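If you want the building blocks of each chain, they are given just below.
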Amino acid sequence: MDFTIRAATLEDCKDISRMILELAEYEKVPDQVKITQRDLEQDGFSKNPFFHGIIAEVPEHHKSREGHTKVGYSLYFYTYSSWKGRAVYMEDLYVMPEFRGKGIGKALMSKVSQLGLAAGCTQLNFTVLDWNKSSLDFYLKQGCWDVTSDLGYHCMRCEGDALEHLAQGDL
Ligand SMILES: CC(C)(COP(=O)(O)OP(=O)(O)OC[C@H]1O[C@@H](n2cnc3c(N)ncnc32)[C@H](O)[C@@H]1OP(=O)(O)O)[C@@H](O)C(=O)NCCC(=O)NCCS
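Residues numbered from 1 in each chain as written. Predicted model: local features only at pLDDT ≥ 70, side-chain atom pairs only at ≥ 80, totals over all residues.

Novice: Any chance you could explain the overall build of the protein here in plain terms?
Specialist: Looking only at helices and strands, the protein features six helices and five strands. The N-to-C order of helical and strand elements in the protein reads β-α-α-β-β-β-α-β-α-α-α. Taking 2.2 N^0.38 as the reference for a compact globule, 171 residues should give roughly 16 Å; the C-alpha atoms of the protein span a radius of gyration of 17 Å, in line with that estimate. The principal-axis extent of the C-alpha atoms belonging to the protein is close to 60 × 35 × 35 Å. Evaluated residue by residue, the protein yields a buried proportion of 20% over its 171 residues. Excluding contacts between residues fewer than 6 apart, the proportion of contacts in the protein whose partners are at least 24 apart in sequence is 58%. (Helix = DSSP H or I, 4+ residues; strand = E, 2+ residues; numbered from the N terminus. Rg over C-alpha atoms; globule rule 2.2 N^0.38 Å. Buried ≥ 20, exposed ≤ 12 C-beta atoms within 10 Å, placed from the backbone. Contact = placed C-beta atoms within 7 Å.)

Put into structure tokens, the structure is as follows:
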């Protein structure tokens, strides 16, 4: 199947928002999505964007059952390792179910890698849920390794009231 991978634009935010929700539904946490199309437009497409995106698009004659031609996406941003220097973080990777197994996910991930290397990065980082065996297998097949099981790192987070308290120094 023909498809193209290209940089996301402001006009893609509606479809990115839709696919973010689809991915969250797949991950069984749709209620966790607080981001709106407008947030994406502001945070990704104004001066000093917080993230970048790429879109997988199919020609009109291959559109999805619901009429979508934007069928996959990845969001990424740049980070820094005090050991290894520049790094790229892949926040999301998603391909709509009816378009999986056609090389689109691999092409999206390859594009994020190319962009990262071009920006001088030496690492591509991302997380995957422990039960998401099929995606874990997909990543292992792409040559990635499991930092949690191999090095014992845990993902940590502070948010909401705890973040406010931390910021105010009154914990
Ligand atoms: C993970 C995902 C992005 C893969 O995209 P995809 O378009 O289906 O994958 P591709 O067709 O590009 O597959 C690329 C290669 O990985 C292999 N692969 C795909 N799924 C695999 C799996 N479950 N186990 C092992 N290998 C797999 C393919 O066989 C292919 O191998 P090849 O290059 O030797 O032919 C897609 O399945 C998806 O969106 N899943 C749901 C959302 C998700 O879990 N995202 C990741 C969140 S961390």
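More follows now that the structure is in view.
Novice: Hey, could you run me through the site of the ligand in this one?
Specialist: Around the ligand there are 19 residues in total, and Arg100, Gly105, Lys106, Ser134 and Asp137 lie nearest to it. Elements with a contribution of two residues or more to the shell around the ligand: helix 1 (13-26), strand 4 (85-95), helix 3 (104-118) and helix 4 (133-141). The element best represented in the shell around the ligand is helix 4, accounting for five residues. (Near = placed C-beta within 6 Å.)

Novice: Please clarify how the pairing of strand 4 should be interpreted in this entry.
Specialist: Looking along a regular strand, one sees the side chains alternate between the two faces of the sheet. By the bridge criterion, 10 bridges tie strand 3 (residues 70-81) to strand 4 in an arrangement that is antiparallel. Bridged to Ser74 within strand 4 is Leu93. Linking two consecutive strands that pair antiparallel, namely strand 3 and strand 4, is a turn of three residues. Two elements, strand 4 and strand 5 (residues 123-125), share three bridges in a ladder whose sense is parallel. Looking at the pairing, Val88 lines up with Leu124 of strand 5. For the crossover that starts at strand 4, traverses helix 3 and ends in the parallel strand 5, the hand is right-handed. (Pairing = 2+ DSSP bridges. Right-handed = clockwise from strand over helix to strand, strands pointing away.)

Novice: Is there a simple way to explain unusual backbone geometry in this structure?
Specialist: Apart from glycine, the bulk of residues carry a negative phi angle, and the bulk of peptide bonds sit in the trans form. Even without being a glycine, Lys28 presents a positive backbone phi close to 65°. In this structure, Lys28 sits in the loop between helix 1 and helix 2 (37-45). Residue classification places Lys28 among the exposed positions, given that 10 C-beta atoms sit within 10 Å. You will see that Asn48, though not glycine, has its phi angle at about 55°, which is positive.

Novice: Whenever I open this one, helix 3 confuses me. Can you help?
Specialist: Three- or four-residue spacings in an α-helix give side chains the same orientation, since the helix completes a turn every 3.6 residues. An ideal rise of 1.5 Å per residue puts 21 Å on 15 residues; helix 3 measures up with 21 Å between its terminal C-alpha atoms. Within helix 3 the residues assigned to the buried category are Ile104, Gly105, Leu108, Met109, Val112 and Gly116. Each buried residue of helix 3 sits inside an arc of 140° when the element is viewed along its axis, so together they form one side. Set apart from the buried face of helix 3 by more than 90 degrees, the exposed residues are Gln114 and Ala118. Buried residues belonging to helix 3 abut strand 1 (4-7), strand 2 (52-57), strand 3, strand 4, strand 5 and helix 4. (Expected span 1.5 Å × (residues − 1). Arc of directions from axis to C-beta.)

Novice: Any chance you could explain the nonpolar core here in plain terms?
Specialist: Nonpolar side chains tend toward joint burial in soluble globular proteins. Formed by 25 residues in total, the largest nonpolar core has its most connected members in Ile16, Ala56, Tyr73 and Leu108. Counting residues per element, the ones that place at least two in this core are helix 1, strand 2, strand 3, strand 4 and helix 3. Apart from residues lying up to four places away in sequence, Leu108 is in contact with Ile5, Ile54, Ala56, Gly72, Ser74 and Leu93. (Core = buried A, V, L, I, M, F, W, Y, C linked by C-beta atoms within 7 Å.)

Novice: Could you clarify how one ought to interpret the sheet that holds strand 2 in this entry?
Specialist: Backbone hydrogen bonds hold the strands of a sheet together, and the pairing may be parallel or antiparallel. With mixed pairing, the five strands of this open sheet are ordered in space as 1-2-3-4-5. Two strands close off the open sheet at either side, each with one partner strand: strand 1 and strand 5. If you compare each strand with its neighbour and ignore which way they point, the axes differ by 30° on average. Where strand 1 lies against strand 2, four bridges are found, and the strand directions are antiparallel. If you follow Thr4 over to strand 2, its bridge partner there is Glu57. (Axes fitted to C-alpha atoms, helices over the stretch in contact; angles between N-to-C directions.)

What is shown is where atoms sit, not what they do.
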